[in-house]
Structures are given as structure tokens and as C-alpha cells.
Protein chains: 2
Amino acid sequence: MELELDERKLKILKAIIQNYLETGEPVGSRTISKYADLALSSATIRNEMSDLEEMGLIMQPHTSAGRIPTDKGYRLYVDELMEEKEREKPDGNEMLIQRVDRVELLLKNLAKILANNTNYASLVTAPQYHHNKLKFIQLSKVDEKKILAVVMMEGNVVKNTLINTLEPVDEQIIVKMNLLLNSFLTGLSVSEMNLAVISKLKNEAGEYAPIIETVLDTISSMITEDDEEPQIYTSGATNIFKYPELSDGEKASGLISTFEEKSVLNELVVKSMNEPKQSHDINIYIGDENKNESMKDCSVVTANYELGDGMQGIIGIVGPKRMDYEKVVGTLRTLMAQLDDIYNKS
Amino acid sequence: MELELDERKLKILKAIIQNYLETGEPVGSRTISKYADLALSSATIRNEMSDLEEMGLIMQPHTSAGRIPTDKGYRLYVDELMEEKEREKPDGNEMLIQRVDRVELLLKNLAKILANNTNYASLVTAPQYHHNKLKFIQLSKVDEKKILAVVMMEGNVVKNTLINTLEPVDEQIIVKMNLLLNSFLTGLSVSEMNLAVISKLKNEAGEYAPIIETVLDTISSMITEDDEEPQIYTSGATNIFKYPELSDGEKASGLISTFEEKSVLNELVVKSMNEPKQSHDINIYIGDENKNESMKDCSVVTANYELGDGMQGIIGIVGPKRMDYEKVVGTLRTLMAQLDDIYNKS
DNA sequence: TGTTAGCACTCCACATATTTGAGTGCTAAC
DNA sequence: GTTAGCACTCAAATATGTGGAGTGCTAACA
């Protein structure tokens, strides 16, 4: 026998899920039968529920309890049933975020706003610089064998590293190298700094080529892999304590640890970067769809942000599966739109 | 009637506390009576315990339970009773830490080591720079009205800020300012950059004085108040879940929040800076002695570290009151000694 | 006078009934 | 196809009972 997902079943499923999102309690047939727009007795609802359960969309925590959505049920809901709350477009001083000179501050702020608005945990990855252009390099002599390299990228992201040279380097040479490096590399993205450019640069450098080499090595590693650990800004990790299904010992500990360990967080989120972008660049991962063990009871919602000049990264929130998806997606959309307004239109 | 703390009472108190530190269970009179070096019956111990309770050093969670130490009892213990485990002096490759060029990395690492070694949560404040000397300043032109200021202090701490100028600034002027700033300020500590120096500097600057002023303002605020939030490195916050008395919902949430909010942490720890230094610079705060609400059930142990050139800060651990004080103090001492070896002797 | 054995008492922790109520599945009637 | 009705299930809440660890007190002892 073939079970069909007719209109009525969908309506019932939606009602069950929405009710469960609100209350967090298993939903019984009587509750749904009171729903206005489908005037059915609880007995009928029970029959339908039984079907929905057989289809794997809902389940009972135990016999004689109401139903709660399964991961599959949630998936159907976010893909088909949920209606995004129409959001008023950003309007003058209603803007939540404002442009600041330093991108890091903006992103930190973004994480905080998101956590406060949603009451879930939020994370924002620092932008990937690969397509991003170099604004300038500045080498300065620290002492005999130490050079400080300061690199500024588009978006005013500043990074710096100490370079230890094998031989003492003269002040003069540093000035020359500064000129050289800047004239060759400024305006290039990291991927554009290929062998051709580099060998030309070395040629030009003449006897200082070895030093240039060291400098280039350092700079490239400085730009590509983010020195020690990936830069991720998080906020509101403790919000998870607001949801009983996540806040008991074991789980909470694992989740908070994950948030402490930026490298793990990074893995979690990087995959979303490579995935085909669906539904306006917002991705939702429900329960077991998350690779990370500590997230199996969570849902993760991510969005790709873009700051212009190829600077892009991921912003996301982590919360219980029983999450207000509509609100979260809405909030993310709003923030993305505002970022767009600030960085790409003006 | 006057209760005297005689030798025997002290011995019993010490036995109770040490037992409680190990087991985490209230300690009964029979347990102590089995203690080898004071051969007494449980009845006698009970009498003594009754006295110790009256003195406010121990208490019962409920009638007919064993005794646990009060804050006052812990205080007496750490002040008088506890014996620090003698530690082997750092010896070649037993060193836990090694010198690195960037102080930040060292401190981050320090926090991690401390958390892993003790199984408590650790925190390390970035050094206060007030007595620290400027190594050099480097201004670079970013675009018409933006200057990037990079400042390096002794210890190779690098900070940078964007300065927005009112008027476009010529490349020439920046070069001049660089020379000027460095010749006047290099080698000075922030406190030495007083009005005399500054007005002399402005004089010399002539028509560029307004720009210099902006630059100086920015630099001083960059050095003194640590831009956005105080720099504090934390590690192992999730260790608190290992201690049942801290890991239940309410408390754990509060503690983790405190660790997320660096500014609160800072307050907690700053007071230890100003306090008279007792017992080789290690301070212990037990339970209610902590000002911060979320720490009332914790003990905090802090030490002042010093990296030479007046760079100093605080390193500390946070754990349950039932903490292995001897080990913690020992570990801190060892680390301090190693830091000393690295930074102050060589 | 300090120490100890002995005993009654307290109270938590744990286990075991008992009750309650929300919710189900099934059947029979409409 | 829908619904009322009923027996059934099971978690959660509420009593009830028991065991044991630990105490305080008293009276005897060195």
C-alpha cells in the first residue's frame, strides 16, 4: 500500500511541527483537532498521525505520548512548508550594523547581534583572503636579524609577522625591498602571485633574492593559513543552556568545547562553503546531517556573506533542532541584505 | 568558654580537608579515626569535630552527614596547613614552555598548558604595557585620508590601528612624521611620554602638529586601554563540567558566560594586581572572597608574571573550592620559575 | 580529666508501590 | 471517510518503606 502525502497530511504535519517548535512538548491529537482551519476530530487526526509516523516524518518518544518531528520531518518542513516571515527592508536608522574601518570588528559585532537576536549560539568566520587583493606591504627593521612584516589587504584587514633572517639586513635593503614588493605585488590577489610574478621579482631583487624568498614564504603563509588557528568569532555559546534538550551535562559540555575549539568549528562550517548553494545561499543542517558528533542534536543554519572584492565567509547559528527556523532565516536574510547595502551597493 | 585551636584539632582539620579534597564526599568521624598518626576513637574525633564546627571551620550539609570544610576552613588550610609539593626545578628539556618571538603566542600557550595540567579553567591577561617601552612606530599611508599606525613594544607585541585624518596627508609628511615620532618616542615607556616630550614633539612638527596630535591620541589609546575589550586568553573553560558541584545548569551557565565575557574576567582579576602581594606573589580567593557572583562556588588562584622590561600580567586558574591547592600552587610556581629563567636571567 | 564504648536518633539515598492523566489504537456506529 | 467511545499504556508525580552512614549524648573507664 502506497502512502500519499496529500494536502491534509501536510497541513497536519505543519501544525504539529509549529506547535512543537513553540512548546517543546510532544503534540497530541486533541491539540491539533482544535486547529481552526481543519475541522476534524481527534480520532481522525490520530489516523493521519499514524500514517505520518509510518512515513517517518514524526515519532513518539514513547507509546502514549504525543508526536514530535523526526529529522526527516524537519527537513520537509524547512524545504517545503515553512513560510519566511516577510521582513521589512532595512530602513535608515533601523540598520543593525554599520560600516566600520576594520572588518574584524564588524564581524565580531555581527556575531554578537545575531546571538542576541536569536537566542542561539552564533559564529562568523573571518573572510577567506584568497581572492582578496593586497593593499600594501610594509617591512620594518626590528633589530639585527628581525624584520616585522605588516600586510594590509582590501577591507583593511591587517596582519603582521616577525621574520627572522639568517644574516643581518641593512636598513637600506629594507627600503629597497619595500619598494620592490609593493610595486610588484600591490593590487594582486594571493592566487595571482604565481611563479611568473615571483621569479620576475627575484630577478629584480638581484643579490637580495634569498631574503626576498624568505619574506615571500612568510607572507604567503601569513595570508593563506591563518597563522595559528582559523579565525572564527563566536558569541552566545551559553545560549544553549536555555534549551533543556541541550543543556544536560554531557551534551552541553561537548557543545561548549566545540565552540572553544575554533579548529573544529571551522571544519563544521567549511563544508558549507563548498556545497552547491541552495535557496538564496542559506543552508540548513538538521541533527544527523551535521558531521560533528556534538552537533547531532542541533540544527545549524549558515549563510555566505560577501563583503566585496571577493572577501567572503560564513555566518551561522547553532541551536536546538526545535529552532525557530523562520525567524533565524529571516534574521540572516536581513543581515545579509544590510551587508550588501553597505559593501556592495555604495 | 574559649575554644583553643590546639595541635590535635589542626591535625584533624587537615585530615578532614585533605580527605574531602580527594573524595568530594563529606567526611565522617570513623574515616578520620582510621588515620594512622593520631590514634583516636571515632567518638573522640566527633567531640573534636563538634568543636571545629563551632569554630566555623567545618560544617555539615545536613544532620547525620559527615563534615565538609567551610570557606574559613579552606582559608586556614591554604594559609597554614597546606604543604607545597616540592617541585623539581626546571631542567633542560623538561621545560613546559619555550621562548617565542610573539608574547601573545607564549601566553596563549601558557593558558593551554595550565588548563591541561590542572584540569581547571585557566586565564592569562595580556601584559600591561604601562611600564613597557616603545620599540618603534611605523605610519603608512593607506589612502587619501587614512593612515595605518603600527606600534611595536618591547617583547615584540604588535598593535595596529587605522587613523582617519581630517585632511589628505601627503606621503612626504608621513615619512617625516615617522622620523620624528621614532626619534622622540622610541625607548620611552608610555608613562614617560609626558607633556614635556609631547609639546617638544609638536613644536618640532611645526605645521603638521594637528596631525601629530591625532596620531598621538590614537597611539596612546591604543597602548593603554586595549582597544575594544581587555585581552585575556582563556583555556579549558569546559573543565568545570568535570566537577559536579559546578556543572549543574545554572552555575555552569554563569561560569561559562563569565569566561566568554572577557571584560568581567578582567575585573575579577585586576584587583589581584593592586593587592599587597603575599606568599611569593600567589593569591588565593576562596568562594565568597570572590566579588563576582558566578564565582561564589569557586576558588581562584592567581600569580603575577613578569616578562622583563616591566611587562607584567596575571595568570590564574578557576576551579571548585574543593581544589588541589597544593598542586595548583606548585604548577604555578614552576611555570613562574620557568618564565623567570627564560626572560629575566638570560 | 580526657578517652572511649554503646545506644538512640536523624535524615539522606534508594527502592518500591500507587495514583494520575495525557494520549494512543481499535472498534463499531453514523 | 469520519467520529464517539472505550480499554489500554506509560511517564511523571506522589507516597511509603527500608538501610545505612553518621551524629550527639551518656555512662563507664584509666
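Described in the following lines is the structure provided in the data block. (Residues numbered from 1 in each chain as written. Chains lettered and ligands numbered in written order. Predicted model: local features only at pLDDT ≥ 70, side-chain atom pairs only at ≥ 80, totals over all residues. Heavy atoms only, no water.)

## Examining the overall build of chain A
Within chain A, the regular secondary structure consists of 12 helices and 10 strands. Within the span of chain A, comprising 346 residues, buried residues form 52% of the whole. Long-range contacts, defined here as pairs at least 24 residues apart, represent 62% of the contacts in chain A between residues at least 6 apart. For chain A, the computed accessible surface area is about 16,500 Å², with 47% contributed by carbon and sulfur atoms. (Helix = DSSP H or I, 4+ residues; strand = E, 2+ residues; numbered from the N terminus. Buried < 20%, exposed > 50% of the residue type's maximum accessible area, 1.4 Å probe, protein only. Contact = heavy atoms within 4.5 Å. Areas by Shrake-Rupley, 256 points an atom, 1.4 Å probe, with all protein chains shown as cover.)

## Observations regarding the protein's contact with DNA strand C
Looking at DNA strand C, there are 19 residues lining it, with S29 of chain A together with R8, T44, T63 and S64 of chain B nearest. Per the 4 Å cut-off to the protein, sugar and phosphate atoms form 77% of the nearby atoms of DNA strand C. Here a phosphate oxygen of DNA strand C sits 2.6 Å away from a polar atom, N or O, in the side chain of T44 of chain B. In this structure, T63 of chain B approaches DNA strand C through a side-chain N or O atom, which is 3.3 Å from a phosphate oxygen. Listing elements by their share of the surface near DNA strand C, those giving two or more residues are α3 (42-54) of chain A together with α3 (42-54) of chain B. It is α3 of chain B that contributes the most residues to the surface near DNA strand C, 4 residues altogether. Counted by class, the surface near DNA strand C contains 4 nonpolar, 11 polar and 4 charged residues. (Near = heavy atom within 4 Å. Polar contact = N/O pair within 3.5 Å; in protein donor to acceptor, adjacent residues only side chain to side chain. Nonpolar A, V, L, I, M, F, W, Y, C, P; charged D, E, K, R; others polar.)

## Points about unusual backbone geometry
One non-glycine residue, S64 of chain A, lies in positive phi territory at about 65 degrees. Tracing the sequence through the fold places S64 of chain A in the loop between β1 (58-59) and β2 (68-69). One non-glycine residue, N119 of chain B, lies in positive phi territory at about 65 degrees. If you trace the backbone, N119 of chain B turns up in the loop between α5 (103-118) and β3 (121-125). Given the relative accessible area of 31%, N119 of chain B is considered partly exposed.

## Here's the deal with the side chain of Q138 of chain B
Looking at the element boundaries, Q138 of chain B is found in strand β4 (residues 134-143). Looking at Q138 of chain B, its side chain comes within polar contact range of the side chain of S140 of chain A, at 3.1 Å. Sequence-distant contacts of Q138 of chain B, defined by excluding residues within four places in its chain, comprise Q138 and S140 of chain A together with L148, A149, V150 and N178 of chain B.

## Quick notes on the protein's contact with DNA strand D
R8, T44, T63 and S64 of chain A together with S29 of chain B are the nearest of the 19 residues found near DNA strand D. Those atoms of DNA strand D that come within 4 Å of the protein belong to sugar or phosphate at a rate of 74%. For DNA strand D, a phosphate oxygen lies 3.1 Å from a polar atom in the backbone of S41 of chain A. Here a phosphate oxygen of DNA strand D and a side-chain polar atom of S29 of chain B are 2.6 Å apart. Contributions of two or more residues to the surface near DNA strand D are made by α3 of chain A together with α3 of chain B. Looking at the surface near DNA strand D element by element, the count peaks at 4 residues for α3 of chain A. Of the residues in the surface near DNA strand D, the class split is 4 nonpolar, 11 polar and 4 charged.

## Section: the environment of E48 of chain B
All names here are of chain B. Assignment of secondary structure puts E48 in helix α3. Note: C-alpha distance between E48 and N119 (71 residues apart in sequence) is 34 Å. Among residues more than four places away in sequence, those in contact with E48 are R8, K9 and I12.

## A look at the relation of the copies chain B and chain A
Rotating chain B by 180 degrees and translating it 0.1 Å along the rotation axis places it on chain A, where the RMSD comes to 0.1 Å. In symmetry terms, the pair is related by a two-fold rotation axis. An overlap of 94% is found between the interface residues of chain B and their copies at the interface of chain A, pointing to a shared contact surface. (Least-squares fit on C-alpha atoms with pLDDT ≥ 70 in both.)

## Describing the sheet that holds strand β6 (residues 157-164) of chain A
All names here are of chain A. Spatially, 3 strands are ordered β4-β5-β6 in an open sheet, and the strand pairing comes out antiparallel. A strand with exactly one partner marks an edge of an open sheet, and here the two such strands are β4 (134-143) and β6. Neighbour-to-neighbour, the strand axes of the sheet open up by a mean angle of 20 degrees, direction not taken into account. Bridge analysis of β4 against strand β5 (residues 146-153) gives 8 bridges, and the strand direction is antiparallel. Opposite S140, over in β5, you have L148 as the bridge partner. Contacting β4 and β5, helix α6 (residues 171-185) crosses the sheet at an angle of about 170 degrees to β4. (Pairing = 2+ DSSP bridges. Axes fitted to C-alpha atoms, helices over the stretch in contact; angles between N-to-C directions.)

## What about the packing of helix α1 (residues 7-23) of chain B against helix α4 (residues 71-81) of chain B?
Residue and element names in this part refer to chain B. At a minimum axis distance of 11 Å, the contact between α1 and α4 shows a crossing angle of 105 degrees. Classed by the angle they form, the pair α1 and α4 counts as roughly perpendicular. Contacts between α1 and α4 involve L10, L13, K14, I17, Q18, Y20 and L21 from the former and G73, Y74, L76, Y77 and L81 from the latter. (Parallel < 35°, antiparallel > 145°, perpendicular 65-115°, else oblique.)

## Structural notes on the interface of chain B and chain A
Contacts between chain B and chain A engage 34 residues on the former and 32 residues on the latter. Both faces combined, the contact of chain B with chain A buries some 2,700 Å², and carbon together with sulfur accounts for 56% of it. Where chain B meets chain A, there are 0 salt bridges. In this assembly, chain B and chain A are joined by 9 residue pairs in polar contact (both at pLDDT 80 or more). Among the elements of the structure, α5, β4, β5 (146-153), β6 (157-164) and α10 (249-260) of chain B are those that each provide at least two residues to the side of chain B that touches chain A. In terms of residue count, the dominant contributor to the side of chain B that touches chain A is β4 of chain B (7 residues). (Buried area = accessible area lost by both parts, 1.4 Å probe. Salt bridge = Lys/Arg side-chain N within 4 Å of Asp/Glu carboxyl O.)

## Brief notes about the layout of surface pockets
Taken as a whole, the second largest pocket spans an internal volume of roughly 800 Å³. Q138 and N178 of chain A together with Q138, V175 and N178 of chain B are the residues nearest the centre of the second largest pocket, which is lined by 25 residues in total. At the level of elements, β4 and α6 of chain A together with β4 and α6 (171-185) of chain B are the ones that each hand at least two residues to the lining of the second largest pocket. The greatest single-element share of the lining of the second largest pocket, amounting to 7 residues, is contributed by β4 of chain B. Along the lines of polarity and charge, the residues of the lining of the second largest pocket split into 13 nonpolar, 8 polar and 4 charged. (1 Å grid on protein atoms, 1.4 Å probe; cavity = no way out; pocket = protein on both sides within 12 Å on 5 of 7 lines; lining within 4 Å. Points joined across faces, edges and corners; volume = space filled by probe spheres on them.)

## Quick word on helix α7 (residues 195-205) of chain B
All names here are of chain B. For α7, the set of buried residues is V197, L201 and A205. With its buried residues spanning 75 degrees around the axis, α7 presents them on a single face. Seen from the buried face of α7, the exposed residues on the opposite side, beyond 90 degrees, are L195, A196, K200 and N203. Two residues or fewer past α7, G206 is found with a positive phi of approximately 60 degrees. (Arc of directions from axis to C-beta.)

## A closer look at the pairing of strand β3 (residues 121-125) of chain A
All names here are of chain A. Buried residues dominate β3, accounting for 5 of its 5 residues. Every second residue of β3 is oriented toward a common face, with A121, L123 and T125 on one face and S122 and V124 on the other, all of them buried. Direction of pairing for β3 relative to strand β10 (residues 312-320): antiparallel, over a ladder of 4 bridges. Looking at the pairing, A121 lines up with V318 of β10. By the bridge criterion, 4 bridges tie β3 to strand β7 (residues 232-235) in an arrangement that is antiparallel. What sits directly across from L123, in β7, is T234.

So yeah, pure geometry; function would need other evidence.
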